[in-house]
Structure formats: structure tokens, C-alpha cells
Amino acid sequence: MLARIVEGAPSGVAGASGAEGAAEGAEADGGGRGVAVVEYDGEWADDLMEGGGRLVLSSGEVYEGQLARGKYDGFGVLACADGREIEGAFVDGAASGVGQLLTPAGDRYVGALAGGAREGEGECTYASGDVYRGEWRGDARCGAGALEWARGGRYVGGWLADAQHGPGELTTPSGAHVRAEWSAGEIVGRARLTWADGRAYRGGLAPTAGGEFAPHGSGAGGLADGSGHYAGAWVRG
């Protein structure tokens, strides 16, 4: 059965149960509590939104795609109230499975989704041109992954809560190679730095401009002028 409702169910169509189901599904996808159906244009079955349709909620959310038992279920496109857009598979009211997520900032994610969030393996191309490929948990980079910066350079290793965490290796834009342990996005302990010209250093490191790193603190390595090897305290190279 095809029907169109605006601000409630039309006469002869018991749409209340369908509206409640849709609101519950929208809530799981990021809509607020107590959202109501503003407009629905689509199919019905057994007094529930069932089949293909377009749904507008009072939260500002707009969904177009398949529904089952009054919830998003099947392939669909969801324009969220917070500006995100999700296209892909929906299960029981939430994006789950492989899909695409676009953010208001211009980032584009393609990969696994669960409960409307990035979860599992996926690739995100940021508006800046940076690209991350790897694992996600709770909508954040978490687990093993690789980030390539648009400016040049690449990090491969562990992630936690969107920051480098655990063992990882980084190549800087100049071609230098860093092997280190990371915590909350910062190098901890002694690291190994190998410059593009083959010189090597082991010890403390500090970030410098342009995504580079320089010896800082206690360490030992080759001098930049090629005059020999130095062991002791360093101040940013």
C-alpha cells in the first residue's frame, strides 16, 4: 500500500505505530529522543512503514530507502541532523555493514559501519587530502592503520582514540625514517631516526616544522655536517 502523510497519519491509515518505529530507528542513527514524523511518502504494510519510502523527521533527519517494521532496514541514504550523510546498508534502524559516510567538514569514509558509526576496516579521505586506511572503533581510528599526509610522509602502526599509539614507523616528507613507540600521538622513550642520507641516530626526538623530527634530549648519532658521531644531549638537532 502506498500512502503519503504530513504531520501524522492520514484518515484510514493507522500510522502511529509506524511513526514510533521510525522515530526509534532515527534515534539509533543519531536523531534525538522524542522525534516525530513530519512527512512520509512511501509504502505501508500492516500499519507500519514497510518497503521503499522517503521519511522526514522533526529532528531534521531525512531518510530515503528501504524500511521494515517502521525502521530503516535495507539500502538507504540518510541525511543526519548534524550534517553527516550515510549511504549503504541499514539494519534495525541503524547503518550497519559496508557503506559511505560524508562529514560536514568534507571528509569521505568508505568501509564498515555499525550503529551509524565507523567500526571495523575502512578508508577515510580527509578534506585536507590526507588518507587513512585501517581499523576503526567507536567512530575513531583505533587498531592498526596507515595515514598518508597530503604534504608527504606516512605513518604505519598502532592507533587509539584517533592518535598514534603503540609501535609505529613514520616516514617524513624529506624521506627520513622514524621507528618509535607512541602514546596519545607523541613519541615516548628512545626512538631510532634514519635520515635520507643514511645517517642514523638513537635517542629522544622532538617534532619540528613540516612534519619532520630532530634529535632532542639524550642520544647518539651522526652529525649533520658529516664531521663525525656525537653522543650526549641534543637540542632539536
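Structure: see above.
**Considering the side chain of glutamine 164**
Point 1. Following the sequence through the fold, glutamine 164 ends up in strand E13 (residues 163-171).
Point 2. Leaving out residues up to four positions away in the same chain, glutamine 164 has contacts with Trp149, Tyr155, Gly158, Trp159, Leu170, Trp182, Ser183, Ala184 and Gly185.

**Quick look at unusual backbone geometry**
Point 1. For arginine 69, which is not glycine, the phi dihedral falls at a positive 55°.
Point 2. Take arginine 69: it is sitting in the loop between strand E4 (62-68) and strand E5 (71-79).
Point 3. The phi angle at aspartate 92 is positive, at roughly 55°, despite the residue not being glycine.
Point 4. Of note, aspartate 92 is situated in the loop between strand E6 (85-91) and strand E7 (94-102).
Point 5. On the basis of relative accessibility, which here comes to 42%, the residue aspartate 92 falls in the partly exposed class.

**Focus on the pairing of strand E11 (residues 140-148)**
Point 1. Looking at chain direction, strand E10 (residues 131-137) and E11 are connected through six bridges and run antiparallel. Following the sheet pairing, tyrosine 132 is matched in E11 by leucine 147.
Point 2. Between the end of E10 and the start of E11, which pair antiparallel, lie two residues, with glycine 138 showing a positive phi angle near 60°.
Point 3. The pairing of E11 with strand E12 (residues 154-160) spans six bridges and is antiparallel. Within the sheet, the bridge partner assigned to alanine 144 lies in E12 and is glycine 158.
Point 4. Following E11, the chain reverses through five residues before pairing antiparallel with E12; glycine 152 in that reversal takes a positive phi of roughly 110°.

**Comments concerning the packing of aromatic side chains**
Point 1. Inspection of every chain in the model, using the stated rule, returns twelve aromatic pairs.
Point 2. Both rings, one in tyrosine 155 and one in tryptophan 159, keep their centres 5.3 Å apart while their planes meet at 85°; by these two values the pair is edge-to-face.
Point 3. Tyrosine 155 gets classed as buried once you look at its relative accessible area, which sits at 0%.
Point 4. Overall, tryptophan 159 belongs to the buried group, its relative accessible area being 5%.
Point 5. Look at tyrosine 230 and tryptophan 234: their rings are 5.2 Å apart centre to centre, the planes differ by 70°, and that puts the pair in the edge-to-face class.

The rules behind these values
- In this numbering scheme, every chain counts its residues from 1 along its sequence in written order.
- Residues qualify for local features only when their pLDDT is at least 70, as the model is predicted, and side-chain atom pairs are given and counted only at 80 or more; totals for whole chains, interfaces and linings, by contrast, use all residues.
- As a rule here, side-chain values cover all heavy atoms of the structure and leave hydrogens and water aside.
- The numbering of helices and of strands both runs from the N terminus, where a helix is a DSSP run of H or I of at least 4 residues and a strand a run of E of at least 2.
- Contacts were defined at the residue level, with two residues in contact if any of their heavy atoms lie within 4.5 Å.
- Think of it in three bands: residues with accessible area under 20% of the maximum for their type are buried, residues over 50% are exposed, and the middle band is partly exposed, with areas taken using a 1.4 Å probe on protein chains only.
- Here, strands pair whenever DSSP counts at least two bridges between them.
- Only Phe, Tyr and Trp rings take part, Trp by its six-membered ring, and two of them pair if their centres are within 6.5 Å. Stacked means planes under 30 degrees apart, edge-to-face means over 60, and tilted covers everything else.

Bear in mind that shape data such as this cannot, by itself, settle questions of function.
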